[in-house]
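Each chain, letter by letter, is given below.
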Amino acid sequence: MNDHLDSIKTQWQSLNAPFSGRGKAYASEILKRRNLGRVGSNPVRIAGVYRRLTVVSGVWIVLSLLMARSLFPMWLSCLMASYFAVMGAMCYSVRESALEIDFSSMSVVRALEAVYGLQRKLLRQRVVGLMIMFPVLMILFYYFSGVSVEMVWGGVAGAVIGLCIGLSLDRRVRRQIKEMKQALEDAMGDCVSPSV
């Protein structure tokens, strides 16, 4: 009985500790067999998506302020710039979290925890983004309706295009996270240190 408990304890410690030497080579074999090599670059891909979104948010901050007085009143330009500043900060935070995931130096358990943490952060970002976006859109469309019908239709077109792009990116990122979780969970099931 004690031997069995010691064996379980050893297995758990091997999962929780970073791999080195033969253990690292063994882990590498397992991860390769479980296709983690293919999804190992997913954190970098996700970080790339959120880097581009951070840049786009920064561009829209500048554009929003440039449109003050020429297209929109100052208060509306500041509102849009503030919205994009918040979104840019959240995108940057997600990018940093994705870049912290390093399968080559993390244990399987630690990598899985990091992937779940990234998934939670993305969910929080989605909820906060939607909570901020709807009031901003309502204010924008209220202002547009007082200017012209063409401006309303332009706003609708922009919202639809933005929604399609956002949903496409979100679906891709969710698929990449699902792939990482599956590969890590499979690897964790097999990742028992070989007897030396």
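Scroll up a little and you will see the structure.
Residues numbered from 1 in each chain as written. Predicted model: local features only at pLDDT ≥ 70, side-chain atom pairs only at ≥ 80, totals over all residues. Heavy atoms only, no water.

A short note on the pattern of salt bridges
Moving on, step 1. Applying the stated rule across the entire model yields four salt bridges.
Moving on, step 2. Here Arg-110 ties to Glu-113 by a salt bridge, and the two come within 3.9 Å at their closest N and O atoms. Taken together, the residues Arg-110 and Glu-113, both in helix H6 (residues 108-147) and three residues apart, mark about one turn of the helix.
Moving on, step 3. With relative accessibility at 40%, the residue Arg-110 sits in the partly exposed group.
Moving on, step 4. Taking relative accessible area as the criterion, Glu-113 reaches 46% and is therefore assigned partly exposed.
Moving on, step 5. Put simply, Asp-170 and Arg-126 hold a salt bridge, and the shortest N to O gap is 2.9 Å. One end of the pair, Asp-170, is in helix H7 (residues 149-190); the other, Arg-126, is in helix H6, and 44 residues separate them in sequence. (Salt bridge = Lys/Arg side-chain N within 4 Å of Asp/Glu carboxyl O. Helix = DSSP H or I, 4+ residues; strand = E, 2+ residues; numbered from the N terminus. Buried < 20%, exposed > 50% of the residue type's maximum accessible area, 1.4 Å probe, protein only.)

Observations concerning a nonpolar patch on the surface
Moving on, step 1. A cluster of nonpolar side chains, Val-55, Val-56, Val-59, Trp-60, Val-62, Leu-63 and Leu-66, forms an exposed patch at the surface whose accessible area comes to about 620 Å².
Moving on, step 2. Take Val-59: it is sitting in helix H4 (residues 42-66).
Moving on, step 3. The class for Val-59 is partly exposed, based on a relative accessible area of 44%. (Patch = residues over 30% accessible without salt bridge, like charges linked within 9 Å, V, L, I, M, F, W, Y side chains within 5 Å. Areas by Shrake-Rupley, 256 points an atom, 1.4 Å probe, with all protein chains shown as cover.)

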